[in-house]
Amino acid sequence: MFEVTPQEWTAVALSLRVASVATAVSLPFGIALAWLLARKQFPGKALLNAVIYLPLVLPPVVTGYLLLIAFGRRGIFGGWLADIGIVFSFRWTGAALACGVMAFPLLVGAIRLSIEAVDRKLEDAAATLGANRAWTVLTVTLPLAMPGIIAGAVLAFARALGEFGATITFVSNIPGETQTISAAIYTLTQVPGGDAQALKLVGIAVVIAFAALIVSEWFGRRAGARVHGV
Amino acid sequence: MLSVDVDKTLGDFAIQAQFEGRSGVTALFGPSGSGKTSIVSMIAGLLRPDRGRIVVDGDTLFDSTAEIDQPAHSRRVGYVFQDGRLFPHLTIARNLDYGRWMSGLAADPKALASVVELLDIGHLLKRRPGALSGGERQRVALGRALLMQPRLLLLDEPLASLDSARKREILPYFEKLRDETKLPMIYVSHDAAEVRQIASRVVRIDGGKVTATGGVELLST
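For every chain, the first residue of its written sequence is number 1, and the numbers climb from 1 along that sequence. Ligands are numbered from 1 and chains lettered from A, in the order in which they are written. Local features are withheld for residues below a pLDDT of 70 in this predicted model, meaning they are given only at 70 or higher, and side-chain atom pairs are given and counted only at 80 or more; totals for whole chains, interfaces and linings count all residues.

J.: Looking at this structure, how should I read the overall build of chain B?
T.: Helix and strand assignments come from DSSP, with helices taken as H or I runs of at least 4 residues and strands as E runs of at least 2, each series counted from the N terminus. Per the secondary structure count, chain B includes six helices and 11 strands. Over its C-alpha atoms chain B spans a radius of gyration of 17 Å, differing by no more than 12% from the 17 Å that the globule rule assigns to 221 residues. The principal-axis extent of the C-alpha atoms belonging to chain B is close to 45 × 40 × 30 Å. To sort residues by exposure, count the other C-beta atoms lying within 10 Å of each residue's C-beta; 20 or more gives buried, 12 or fewer gives exposed, and values between give partly exposed, all with C-beta atoms placed from the backbone. For chain B, the residues scored as buried account for 42% of the 221 residues in total. Throughout, a pair of residues is in contact if the C-beta atoms placed from their backbones lie within 7 Å. In chain B, the share of contacts with a sequence separation of at least 24, taken over all contacts with a separation of at least 6, comes to 70%. We take the radius of gyration over the C-alpha atoms and set the globule estimate at 2.2 Å times the residue count to the 0.38 power.

J.: Would you take a moment to explain the overall build of chain A for this structure?
T.: Across its full length, chain A carries 11 helices and zero strands. Shown N-terminal to C-terminal, the secondary structure of chain A runs as helices and strands in the order α-α-α-α-α-α-α-α-α-α-α. Judged by the C-alpha coordinates and their principal axes, chain A covers about 70 × 45 × 30 Å. Considering chain A as a whole, with its 230 residues, one finds that 40% of them fall into the buried category. Taking all contacts inside chain A whose residues are at least 6 apart in sequence as the whole, residues at least 24 apart take part in 76%.

J.: Teacher, can you tell me more about the packing of helix α3 (residues 60-71) of chain A against helix α5 (residues 92-116) of chain A here?
T.: Describing two packed helices takes the angle between their axes plus the distance from one axis to the other. Residue and element names in this part refer to chain A. Comment: axis = line fitted to C-alpha atoms, over the contacting stretch for helices; angle = value between 0 and 180 degrees taken between N-to-C directions. Direction vectors running N to C along α3 and α5 enclose 130°, while the axes themselves pass 11 Å from each other. Put simply, α3 runs oblique to α5. Crossing of α3 against α5: the hand is right-handed. In this structure, α3 contributes Pro 60, Thr 63, Gly 64, Leu 67 and Phe 71 to the contact, and α5 contributes Leu 97, Ala 98, Val 101 and Met 102. Classifying every residue of the contact of α3 with α5 gives seven nonpolar, two polar and no charged. Roughly parallel covers angles under 35 degrees, roughly antiparallel covers those over 145, roughly perpendicular covers 65 to 115, and oblique covers all other angles. Whether a crossing is left-handed or right-handed is set by the direction in which the near helix is turned from the far one by less than a right angle, anticlockwise for left-handed and clockwise for right-handed. When residues are grouped by polarity, Ala, Val, Leu, Ile, Met, Phe, Trp, Tyr, Cys and Pro land in nonpolar, Asp, Glu, Lys and Arg in charged, and all others, Gly among them, in polar.

J.: Is there a simple way to explain the pairing of strand β4 (residues 51-56) of chain B in this structure?
T.: The side chains of a regular strand alternate between both faces of the sheet. All names here are of chain B. The pairing of strand β1 (residues 2-10) with β4 spans six bridges and is antiparallel. Following the sheet pairing, Val 6 is matched in β4 by Gly 52. Between β4 and strand β5 (residues 59-63), which pair antiparallel one after the other, the connecting turn spans two residues, and Asp 57 there sits at a positive phi close to 50°. Strands are treated as partners if at least two bridges between them are detected by DSSP.

J.: I tried to follow helix α1 (residues 36-44) of chain B on my own but got confused; where do I start?
T.: Owing to its 3.6 residues per turn, the α-helix aligns residues three or four sequence positions apart on the same side. Residue and element names in this part refer to chain B. Counting buried residues in α1 gives seven out of nine residues, a clear majority hidden from the surface. Those residues of α1 that fall on the buried side of the exposure criterion are Lys 36, Ile 39, Val 40, Ser 41, Met 42, Ile 43 and Ala 44. Just beyond α1, the residue with positive phi is Gly 45, at close to 95°.

J.: Would you mind showing me how to read the pairing of strand β2 (residues 13-21) of chain B here?
T.: Residues and elements named next belong to chain B. Strand direction decides the pairing type here: β1 and β2, joined by nine bridges, are antiparallel. Residue pairing for β2: Leu 10 is matched across the bridge by Phe 13. Linking β1 back to β2 in an antiparallel pair, the connection comprises two residues, with Gly 11 at a positive phi of about 65°.

J.: Before we go on, may I ask you to explain the nonpolar core in this structure?
T.: Generally speaking, a soluble globular protein has its nonpolar side chains buried in company with each other. For our purposes the nonpolar core covers buried Ala, Val, Leu, Ile, Met, Phe, Trp, Tyr and Cys residues that link as a set through C-beta atoms within 7 Å. Within the largest apolar cluster, 117 residues are counted, with the highest numbers of intra-cluster contacts made by Ala 98, Cys 99 and Leu 107 of chain A together with Leu 154 and Tyr 187 of chain B. In terms of residue count, α5 of chain A provides more of this core than any other element does, 15 residues in total. Not counting residues within four places of it along the chain, the set of residues in contact with Ala 98 of chain A comprises Gly 64, Leu 67, Glu 163, Ala 166, Thr 167, Phe 170 and Val 171 of chain A.

J.: Got a minute to help me understand the interface of chain A and chain B in this structure?
T.: Think of interface size as the accessible area that goes away when the parts come together; that is how it is often given. If you look at the interface, chain A gives 19 residues, while chain B gives 21 residues. Within the residue set of the side of chain A that touches chain B, elements represented by two or more residues are α6 (120-128), α7 (133-144) and α11 (195-227) of chain A. A class-by-class count of the residues in the side of chain A that touches chain B yields 11 nonpolar, five polar and three charged.

J.: Even after reading the chapter, I still don't get the packing of helix α2 (residues 92-102) of chain B against helix α4 (residues 134-146) of chain B, so can you show me in this structure?
T.: Residues and elements named next belong to chain B. Between α2 and α4, whose axes approach to 6 Å, the crossing angle comes to 35°. Along its contact with α2, which presents Ile 92, Asn 95, Leu 96, Tyr 98 and Gly 99, the element α4 presents Val 140, Gly 143, Arg 144 and Ala 145. Its residues assigned to classes, the contact of α2 with α4 comprises five nonpolar, three polar and one charged.

J.: Help me out: how do you make sense of unusual backbone geometry in this one?
T.: Glycine aside, negative phi is the norm for most residues, and most peptide bonds take the trans geometry. Positive phi outside glycine occurs at Arg 76 of chain B, with the angle close to 55°. The exposure class of Arg 76 of chain B is buried, given the 20 C-beta atoms found within 10 Å.

J.: When you look at the environment of Ser 20 of chain A in this model, what are you seeing that I'm missing?
T.: Within the secondary structure, Ser 20 of chain A is located in helix α1 (residues 6-39). Once the C-alpha coordinates of Ser 20 of chain A and Ala 196 of chain A are considered, the two residues, 176 residues apart in sequence, prove to be 27 Å apart.

Okay, structure coming up:
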């Protein structure tokens, strides 16, 4: 009953890989965009903001379909990306892209809030001490925003781990390549007698989510103590 | 030698300030809300004047007609803020070292030791700002500004957030600094007693304008 089969392990390992890669790759972009939205005024800011938040409000299937149009083998960018060796369609990399896009609003939102909460007077102080804009961001803004960056990353990781609609629309449900925990559970509930296996995967998903929350709480507490200067 | 001639409109408040600062301590004296902080912010490069010219030791920091506007980080003007503004995520030692590091100066253990001794902050080095009292924080803020080797030091109501006992405790450090270094200083305050104790020259500010320039005799009127 509690024995985990190799196929199930494959789905779990794939989910972890997809969610980790999606989070790690989107984090630098998320930080840069969050800083831009929090600290800069520029034409088209409202539009950029809307585009970033779009996956949060669109049906995931629609996001998946748009990804297919853009990054599918015959897609707008998919064709020439394939020429330079980057293929998304029906690959785990495509699942990571879908998860990254779906999680991006949560990532940017959390980091933006924490950057907005950093006292700009401290940034002014850094400038009078000789720090240019880039150094100020690296040595003052981002360290002080660290609790929010960690929270955003964990939130994005959890969202990526649970992503289903956009992934299955964009890269289908191929065991060993694009079949994540969510897709595997869905498949098992569609076959007679698959309930017990599905329940096992549900249990694993709960454990992973719980572990992610505990780790984030621990990091957040440490970073928070540092930020408050004690 | 500092020369300031700036205009700046903030909402419906207009600042028109023209004065010179010589060596030693020049006080910008005036009631709260008279524009003193805005004036020093313009000298530091944190606020951009609408028009005018700011020159320190022959180096033009700002000139609207010549379109010169050096960014704050390259002005080498030290700034001690009313609220200290120590970096809460760094230890006191790292806070003190920040300006030297960012200004690309070589490590100077002798300068560090003398500032630490002058301000009596040696026992605080390993702590973080959150664990310091208000007076300790202002001493560290002063040390941090000194260690970037500024050519001019702006002290913006550095004692205003402290109670009178703490003020009496800190003021001697400013006097020591005035007597032991040749660093020109602009001391912003609305407290006549404080200004009398620290400054020799007084620039009176009222409603955004310089109303008088002279010695400490201006404080009594």
